[in-house]
Amino acid sequence: LIGLGLALSAIDIGVQTHYLGILGLFIAAPGVALAVLGVRRTIALRYAFVVALMMIPVPFTLGTPLMLRDITAVGVEQLLHAGKVSVFREGTVLQLAEHTFIVADACSGLSTLYASIAMALILTVHTKVTWRRLAILCAALPLAIAANILRVLLLVVVSLVFGSELLETPIHEGSGVAVFFLVIIGLGALAGSARGREPAPAARPS
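Nothing here was measured: the structure is a model prediction, and the numbers come from that model.

Undergrad: When you look at the packing of helix H2 (residues 19-37) against helix H4 (residues 46-53) in this model, what are you seeing that I'm missing?
TA: Between two packed helices, the angle of one axis relative to the other and the distance separating the axes together describe the packing. Interaxial distance between H2 and H4 falls to 10 Å at its minimum, and their mutual angle equals 165°. Here H2 is positioned roughly antiparallel relative to H4, judged by the angle of their axes. Considering the relative orientation of H2 and H4, their crossing is right-handed. Contact residues: H2 offers Phe 26, Ala 29, Pro 30 and Ala 33, while H4 offers Phe 49, Ala 52 and Leu 53. Per-class residue counts for the contact of H2 with H4 are 7 nonpolar, no polar and no charged.

So, in structure tokens, the structure goes:
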């Protein structure tokens, strides 16, 4: 494992994909753990290795084949219509009376979804009830999509009220971090209720 990881990292020095180097580091890590800690302790770190895998960055362009851009655009369109705002959507382009908004790859919500899945995996480790574990994992996708739709909607409303110049400020990127806290709260609520409703261990006879 260590040799394979070093080989991938060496190859990446020449081809400069960056992903090969990251993958090589991920493959070498359990190899180092096996050599230093042994099999039993390495197996105990399996959840940490899975979470580490989720730290490998993914390209924003994956949001297009996953239809995340289209889902976001449709959601924002419906919410604007519900708020009596006139909007025309063509694909991932939202046309308002005086503004045009494009749901680009960076606004597809892929990063939010990726982080939500990682958070869900972490929380399932601390949840003992199987069906609640599944509930946490299944909630990661809809919560991430809903949070991203809310984020884009807020950016559109802020642009309409205060001007599109605000999209060039840290508010644009910071909004993604802000709405992710909603995902954390939602997943945390599921995990918290799971811990709170687990049956108490039976008392030992005296």
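Undergrad: I keep staring at the nonpolar core and nothing clicks. Help me out?
TA: Generally speaking, soluble globular proteins have nonpolar side chains that are buried together. Ala 120, Leu 123, Ile 136, Ala 139, Ala 140, Ala 147, Val 179, Phe 180, Val 183, Leu 187 and Ala 191 together form the largest nonpolar core, which totals 11 residues. Among the elements of the structure, helix H6 (110-125), helix H7 (130-162) and helix H8 (170-196) are those that each provide at least two residues to this core. Ranked by residue count, the leading element in this core is H8, at 5 residues. Ignoring sequence-local partners within four residues, the contact set of Leu 123 consists of Ile 136, Leu 187, Gly 188 and Ala 191. If you look at the next biggest cluster of nonpolar residues, it comprises 10 residues, including Ile 149, Val 152, Leu 153 and Val 156.

Undergrad: Which parts of the structure should I look at to understand the pattern of salt bridges?
TA: Where charged atoms from two side chains of opposite charge come close, those side chains can pair. What the rule picks out here adds up to 2 salt bridges. A salt bridge links Arg 69 to Asp 105, with the shortest nitrogen-to-oxygen separation between them at 3.6 Å. Of this pair, Arg 69 sits in helix H5 (residues 68-82) while Asp 105 sits in the loop between strand S3 (100-102) and H6, placing them 36 residues apart in sequence. The exposure class of Asp 105 is partly exposed, given its relative accessible area of 23%. Residue Glu 77 pairs with Arg 89 through a salt bridge whose shortest N-O separation is 2.8 Å. With Glu 77 in helix H5 and Arg 89 in strand S1 (residues 88-90), this residue pair connects regions lying 12 residues apart in the sequence. A residue is classified by how much of its surface remains accessible, and Glu 77, at 11% relative accessible area, is buried. Classification of Arg 89 by relative accessible area gives partly exposed; the value is 27%.

Undergrad: What am I meant to see in unusual backbone geometry here?
TA: A negative phi angle characterises most non-glycine residues, just as the trans form characterises most peptide bonds. Not every positive phi belongs to a glycine, and Lys 84 is a case in point at roughly 65°. Since its relative accessible area comes to 77%, Lys 84 is described here as exposed.

Undergrad: How should the confidence of the model for the chain be read in this particular structure?
TA: The predicted coordinates of low-pLDDT regions are not to be read in fine detail. Looking at the chain as a whole, its pLDDT mean stands at 83, while 92% of the residues score no less than 70. The lowest-confidence element of the chain is H8, averaging 79 in pLDDT; the highest-confidence one is H5, averaging 91. The low-confidence segment residues 194-198, where pLDDT is below 50, has 7 contacts with residues more than four positions distant or belonging to other chains.

Procedures and definitions
- Residues numbered from 1 in each chain as written.
- Predicted model: local features only at pLDDT ≥ 70, side-chain atom pairs only at ≥ 80, totals over all residues.
- Heavy atoms only, no water.
- Axes fitted to C-alpha atoms, helices over the stretch in contact; angles between N-to-C directions.
- Helix = DSSP H or I, 4+ residues; strand = E, 2+ residues; numbered from the N terminus.
- Parallel < 35°, antiparallel > 145°, perpendicular 65-115°, else oblique.
- Left-handed = near helix turned anticlockwise from the far one by under 90°.
- Contact = heavy atoms within 4.5 Å.
- Nonpolar A, V, L, I, M, F, W, Y, C, P; charged D, E, K, R; others polar.
- Core = buried A, V, L, I, M, F, W, Y, C linked by side-chain atoms within 4.5 Å.
- Buried < 20%, exposed > 50% of the residue type's maximum accessible area, 1.4 Å probe, protein only.
- Salt bridge = Lys/Arg side-chain N within 4 Å of Asp/Glu carboxyl O.
- pLDDT = per-residue confidence, 0-100.

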